[in-house]
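Structural features, examined
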Amino acid sequence: MKVDVGALSVVLNEGVDGAGPLYGASFVVKENIDVKGHVSTNGHPLFASTHPPAQANAPVVDKLLAAGARLVGKSHMDEMAYSLLGANPHFGTPINPAAPDRHPGGSSSGSAVAVAAGLVNFAIGTDTAGSCRAPAAFCGVFGFRSSHGAIPVEGVVPLAPSLDVIGWFARDLGRMADVGAVLLPDDSGAGEFEQAVLLADGFRNVEAEFATAAAPAVDMLKSGPWREGRLDEDFFKNALAHFRNLQAHQAWASHGAWITANHPTFGKGVEERFAIASKVTLDQKKAAIAFCEEARKRIDDLLGADGFLVMPTTPFRSPLLSESEEQLDAKRYQMMRLFLIASYFGLPQISLPLPTNGEAPVALSFVGRRGTDRKLIRLAQSFCGKMKK
């Protein structure tokens, strides 16, 4: 390894003999994904010491190994996968290779950093509420969040099971597509996207640096079929409140008994989130599910029959490591407004880094209907190819 960026928690060298579509490609998996013989720490030392080594690989690991890829390590993460910044008070914060004075993003921080630093060809993470999309945007790499149910999550430590999905990172879209071809269901019979839907609410009040970097990409999208789409502040306010309740109720169901029995020490933000989670009621969870089902038609109408949603991955560059807790909380809220669209409604999303002339990275995202995962990657390949011409 050329540089120590604090991305890896365990160094491995596992593969299978023979060839395959990913033959020779190196990868790491996040510390909440099981690798046989190793404890999945879930980003917390007490979690690691109170859980046994995995008896088997998670299916996602076996699929990649069978495709010829080489597993070289497990990667650090935010504790309990319940944050978006990449800071971990127990194991440290991986260094963002694209902006060392800024947060790497989380909770799949080490996976994104390992790819951005060139340590591996691709990396596997998980995404519940932005945990692949934030670090992809902040570290300047391609990041993908799969549709709910597209890839099995057995062998993955849960946070909120109805929201948890597998995602991954790569430095180029060819590799992104190769991984998708191994992990995602075939969609060869699906038609292609025909219309870009620019989410006006997402582009409102973006950081100036994002607006400048995104302008050429937005102009190109507007040179083809496109329309403006809108949600409103009432939607975002209600959706975010319900989404947080749903995530929190499931997070407490996943870890509340362990927390009560072991009294772990958490970092400030995670501690507060679990304290809130412990008080979310079943009625609040039911209301969150009901809101989702009611609002789903609005999202379907927004996308239309052949549209894909276009919006910032995050509306700003990665926060500086020196920013206050209050500033970070405000930015987390801004990110969650955008992340919940794919998370709440089970949609695939791909984050595309934008040229920034040496400035800290920013990224644009495409979101498709549920089950259009490979189609979305093909769209990104076509679009980025046109941008390079």
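This text goes with the structure placed above it.
Summary of the structure given here. The model shown is predicted, which means the values in this text are computed figures rather than measured ones.

Criteria and cut-off values
- Residues numbered from 1 in each chain as written.
- Predicted model: local features only at pLDDT ≥ 70, side-chain atom pairs only at ≥ 80, totals over all residues.
- Heavy atoms only, no water.
- Axes fitted to C-alpha atoms, helices over the stretch in contact; angles between N-to-C directions.
- Helix = DSSP H or I, 4+ residues; strand = E, 2+ residues; numbered from the N terminus.
- Parallel < 35°, antiparallel > 145°, perpendicular 65-115°, else oblique.
- Left-handed = near helix turned anticlockwise from the far one by under 90°.
- Contact = heavy atoms within 4.5 Å.
- Nonpolar A, V, L, I, M, F, W, Y, C, P; charged D, E, K, R; others polar.
- Salt bridge = Lys/Arg side-chain N within 4 Å of Asp/Glu carboxyl O.
- Buried < 20%, exposed > 50% of the residue type's maximum accessible area, 1.4 Å probe, protein only.
- Phe/Tyr/Trp six-rings, centres within 6.5 Å; stacked < 30°, edge-to-face > 60°.
- Lys NZ or Arg CZ within 6 Å of the ring centre and 35° of its normal.
- Pairing = 2+ DSSP bridges.
- Core = buried A, V, L, I, M, F, W, Y, C linked by side-chain atoms within 4.5 Å.
- 1 Å grid on protein atoms, 1.4 Å probe; cavity = no way out; pocket = protein on both sides within 12 Å on 5 of 7 lines; lining within 4 Å.
- Points joined across faces, edges and corners; volume = space filled by probe spheres on them.

**Overview of the packing of helix α5 (residues 173-183) against helix α12 (residues 373-388)**
Put simply, α5 and α12 touch, their axes get as near as 10 Å, and they point 165 degrees apart. Here α5 is positioned roughly antiparallel relative to α12, judged by the angle of their axes. Crossing of α5 against α12: the hand is left-handed. Facing α5, whose interface residues are Leu173, Gly174, Met176, Ala177, Gly180 and Ala181, α12 presents Arg374, Ile377, Ala380, Gln381 and Cys384. Here the contact of α5 with α12 is built from residues that sort into seven nonpolar, three polar and one charged.

**With respect to the pattern of salt bridges**
Applying the stated criterion across every chain, the model contains 16 salt bridges. A salt bridge links Asp187 to Arg378; the shortest N-O distance between them is 3.1 Å. Taken together, the residues span a long stretch of sequence, with Asp187 in the loop between α5 and β7 (195-199) and Arg378 in helix α12 at a distance of 191 residues. Residue class for Asp187 comes out buried when judged on its relative accessible area of 8%. Of the charged contacts in the structure, one is a salt bridge between Asp300 and Arg369, with a shortest N-O distance of 3.5 Å. You can see Asp300 sitting in helix α10 (residues 282-303) and its partner Arg369 sitting in the loop between β11 (363-367) and α12, a full 69 residues away along the chain.

**Topic: the packing of aromatic side chains**
This structure, assessed with the given rule, holds 14 aromatic pairs. Considering the side-chain rings of Phe291 and Tyr344, the 6.2 Å spacing of their centres and the 20 degrees angle between planes classify their relative orientation as stacked. Of this pair, Phe291 sits in helix α10 while Tyr344 sits in helix α11 (residues 325-345), and the two are 53 residues apart along the sequence. There is no split in this pair, since Phe291 and Tyr344 are both buried. We note Arg273 situated over the ring of Tyr82; from NZ or CZ to the ring centre the distance is 5.8 Å. For the cation-ring pair, Lys331 lies above Phe316, with the distance from its terminal atom to the ring centre recorded as 5.3 Å.

**Comments concerning the packing of helix α8 (residues 233-262) against α10**
Running from amino to carboxyl end, α8 crosses α10 at an angle of 135 degrees, the nearest separation of the two axes being 8 Å. Considering their axes alone, α8 and α10 lie oblique with respect to each other. Of the two possible hands of crossing, α8 and α10 adopt the one that is left-handed. Contacts from Phe235, Asn238, Ala239, His242, Asn245, Leu246 and His249 in α8 reach Leu282, Gln284, Lys285, Ala287, Ala288, Ile289, Phe291, Ala295, Arg298 and Ile299 in α10. Residue composition of the contact of α8 with α10, by class: 10 nonpolar, five polar and two charged.

**A closer look at the sheet that holds β7**
Strand pairing in a sheet relies on backbone hydrogen bonds, with the paired strands running either antiparallel or parallel. What the 11 strands build is an open sheet, ordered β1-β3-β2-β4-β6-β5-β10-β11-β9-β7-β8; its pairing is mixed. Each edge of the open sheet carries a strand with a single partner, namely β1 (8-14) and β8 (226-229). Within the sheet, the average angular offset between the axes of one strand and its neighbour, ignoring direction, is 25 degrees. Two strands pair when backbone bridges link them, and strand β10 (residues 349-353) and β11 are joined in this way by five bridges, in the antiparallel orientation.

**Remarks on the nonpolar core**
In terms of nonpolar packing, the biggest core is built from 55 residues, with Leu64, Ile124, Trp168, Ile350 and Phe366 touching the most fellow members. Other than its neighbours up to four places away in sequence, Leu64 contacts Leu22, Phe27, Ala69, Phe122, Ile124, Val179, Val182 and Leu183. If you look at the next biggest cluster of nonpolar residues, it comprises 40 residues, including Ala137, Leu328, Met335 and Met336.

**Side note on empty space enclosed by the protein**
Tallied over the full model, the rule gives two cavities of 30 Å³ or more. When its volume is computed, the largest cavity comes out at roughly 50 Å³. Lining the largest cavity we find Ala81, Tyr82, Ser83, Leu84, Ala129, Gly130, Ser131, Leu159, Gln247, Arg332 and Met336. Of the residues belonging to the lining of the largest cavity, the class tally is six nonpolar, four polar and one charged. Looking at the second largest cavity, the residues that line it are Asn32, Ala81, Thr126, Thr128, Val156, Val157, Pro158, Leu159 and Asp164.

**A look at the pairing of strand β2 (residues 26-30)**
The side chains of a regular strand alternate between both faces of the sheet. For β2, the tally of buried residues reaches five of five residues, placing the bulk of the element in the interior. Taken together, the five bridges between β2 and strand β3 (residues 70-75) define a ladder with parallel strand orientation. Bridge pairing links Val29 to Lys74 in β3. The pairing of β2 with strand β4 (residues 122-127) spans three bridges and is parallel. The residue of β4 that forms the bridge with Val29 is Ile124.

Read these as geometric descriptors, not functional statements.
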